[in-house]
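Here is how the chains run, residue by residue.
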Amino acid sequence: MKTIFNKALWASAIGACTLSLGSCTDLSETIYDTIASEKYEFTEKDRAAMFAPVYSSLRDVYWGWYSYADMMDQSSDSWCIPYRISIGWGDLYVSMHKHQFHSQIAHFNDTWNRNYAGINACNKLLADEVIAADITTSSQLRAYRALYYYILFDLFRNIPLDTQYEHEDGWLPEQATPQQMWDFLISELTDVKGKCGTKVEMGKLNDYAINMLLAKMYLNHNAWFNDYSDNSYYGKAIDEVNEVIKIFPVRLKLSLVFRLNSIMPEVTIWQICGCM
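The structure contained in this document is the topic of the report that follows.

1. Remarks on unusual backbone geometry
Across the chain, the bulk of peptide bonds are trans and the bulk of non-glycine residues have phi less than zero.
Alright, step 1. Even without a glycine there, the phi angle at Tyr66 is positive, about 60°.
Alright, step 2. Relative to the elements of secondary structure, Tyr66 occurs in the loop between helix H3 (52-63) and helix H4 (68-74).

2. What about the packing of aromatic side chains?
Alright, step 1. This model, assessed by the stated rule, comprises 18 aromatic pairs.
Alright, step 2. When the ring of Tyr55 is compared with that of Tyr144, the centres are 5.8 Å apart and the planes differ by 70°; the resulting orientation is edge-to-face. With a gap of 89 residues between them, Tyr55 in helix H3 and Tyr144 in helix H8 (residues 135-156) connect regions that are remote in the sequence.
Alright, step 3. Look at Tyr55 and you get partly exposed, because its relative accessible area is 21%.
Alright, step 4. The side chain of Arg157 reaches across the aromatic face of Phe153, ending 5.7 Å from its centre.

3. A word on the side chain of Asp70
Alright, step 1. Mapped onto the secondary structure, Asp70 falls in helix H4.
Alright, step 2. The charged side chain of Asp70 is buried without a salt bridge, its nearest counter-charge being Arg114 at 6.4 Å.

4. A closer look at the packing of H3 against helix H6 (residues 106-126)
Angle between the axes and distance between the axes are the two parameters that describe a pair of packed helices.
Alright, step 1. Running from N to C, H3 and H6 cross one another at 165°; their axes reach a closest spacing of 8 Å. Classed by the angle they form, the pair H3 and H6 counts as roughly antiparallel. When the axes of H3 and H6 are compared, the crossing they make is left-handed. Taking contact as the criterion, the partners of Pro53, Val54, Ser57, Asp60 and Val61 in H3 are, on H6, Arg114, Asn115, Ala117, Gly118, Ala121, Cys122 and Leu125.
Alright, step 2. Among the residues making up the contact of H3 with H6, the classes are represented as seven nonpolar, three polar and two charged.

5. Considering H8
Alright, step 1. Look at H8: 31 Å from first C-alpha to last across 22 residues, which is about the 32 Å you get at 1.5 Å a residue.
Alright, step 2. For H8, the buried fraction is high: 16 of the 22 residues fall into the buried class.
Alright, step 3. Between a side-chain oxygen at the N-terminus of H8 and the backbone nitrogen of Thr136 the separation is 3.2 Å; the capping residue is Asp134.
Alright, step 4. Arg157 lies just past H8 and shows a positive phi near 70°.

6. Notes on the environment of Asn211
Alright, step 1. Looking at the element boundaries, Asn211 is found in helix H10 (residues 207-225).
Alright, step 2. The spatial distance from the C-alpha of Asn211 to the C-alpha of Asn242 is 9.0 Å, given a sequence separation of 31 residues.
Alright, step 3. In this structure, Asn211 is in contact with Lys193, Glu240, Glu243 and Val244, ignoring residues within four places of it in sequence.
Alright, step 4. A polar contact is formed between the side chain of Asn211 and the side chain of Glu243, at a distance of 3.3 Å.

7. Quick look at the pattern of salt bridges
Alright, step 1. Taken as a whole, this structure holds six salt bridges when the rule is applied.
Alright, step 2. A salt bridge links Arg142 to Asp191, with the nearest nitrogen and oxygen atoms 2.9 Å apart. Here the residue Arg142 occupies a position in helix H8, and Asp191 occupies one in helix H9 (residues 178-192), the gap between them amounting to 49 residues.
Alright, step 3. Residue class for Arg142 comes out partly exposed when judged on its relative accessible area of 21%.
Alright, step 4. With a relative accessible area of 35%, Asp191 lands in the partly exposed category.
Alright, step 5. Residue Arg145 pairs with Glu188 through a salt bridge whose shortest N-O separation is 3.1 Å. Highlighted residues: Arg145 in helix H8 and Glu188 in helix H9, separated in sequence by 43 residues.
Alright, step 6. Arg145 gets classed as buried once you look at its relative accessible area, which sits at 6%.
Alright, step 7. Sharing partners across several salt bridges, the network here consists of Arg142, Arg145, Glu188, Asp191 and Lys195.

Parameters and conventions
Residues numbered from 1 in each chain as written. Predicted model: local features only at pLDDT ≥ 70, side-chain atom pairs only at ≥ 80, totals over all residues. Heavy atoms only, no water. Helix = DSSP H or I, 4+ residues; strand = E, 2+ residues; numbered from the N terminus. Phe/Tyr/Trp six-rings, centres within 6.5 Å; stacked < 30°, edge-to-face > 60°. Buried < 20%, exposed > 50% of the residue type's maximum accessible area, 1.4 Å probe, protein only. Lys NZ or Arg CZ within 6 Å of the ring centre and 35° of its normal. Lys, Arg positive; Asp, Glu negative; His and termini not counted. Salt bridge = Lys/Arg side-chain N within 4 Å of Asp/Glu carboxyl O. Axes fitted to C-alpha atoms, helices over the stretch in contact; angles between N-to-C directions. Parallel < 35°, antiparallel > 145°, perpendicular 65-115°, else oblique. Left-handed = near helix turned anticlockwise from the far one by under 90°. Contact = heavy atoms within 4.5 Å. Nonpolar A, V, L, I, M, F, W, Y, C, P; charged D, E, K, R; others polar. Expected span 1.5 Å × (residues − 1). Polar contact = N/O pair within 3.5 Å; in protein donor to acceptor, adjacent residues only side chain to side chain.

Structure, rendered in structure tokens:
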């Protein structure tokens, strides 16, 4: 009886091991790592999440350490940062103020990388067929990309122009001439003008922001190209600004904009998300 019981126990153990062995070796599963774009409708929440890298890069461009704001104000009389004697820090601010620019000033490297990070984020989203098919969303992305390029163009003039996300192995960016860059920016901004919407939302480009960006392009044209033979660009800048003034009449004193906790939707064209 004992022998029969032992044989039954061994048979059960072997059977259990066989079943467990088979189940442990079959690790196949269905992975849902992609969703067919034609079967999915993006919600406003989805779009907001996808836009995050576009917004965050712009925040860093303007308000990060060694930012665009730093470059503009430290190289002028707006900010004066003292040199820290004996600790070896602060000499770059003296160079910025004197316009003695060189490769050891971190502002240029950081601003370059942050802007191209934003451009790459825009290119990645625009490569999606569903996003590209949405007129408002794609227009806003193209406008953001143009803004990033505008900043680079303002600072460096000779910059690589790339509007694609996917590239072949070994691809290297090609530098565009200042005229090519100008033509691209004017073409992009003119094409998306009127397609970005009129709603004023924190951090989002709208039609009026495009007007102002075009106005800044036209206002700076002669200085950028060192050619003052044609004053028509100033007239074009005025035309763009007038489009904004028609919608946002400046009824309030300009000084009120700079008061503490100033929230003035009547005169706010575009706000950048940031923290100080």
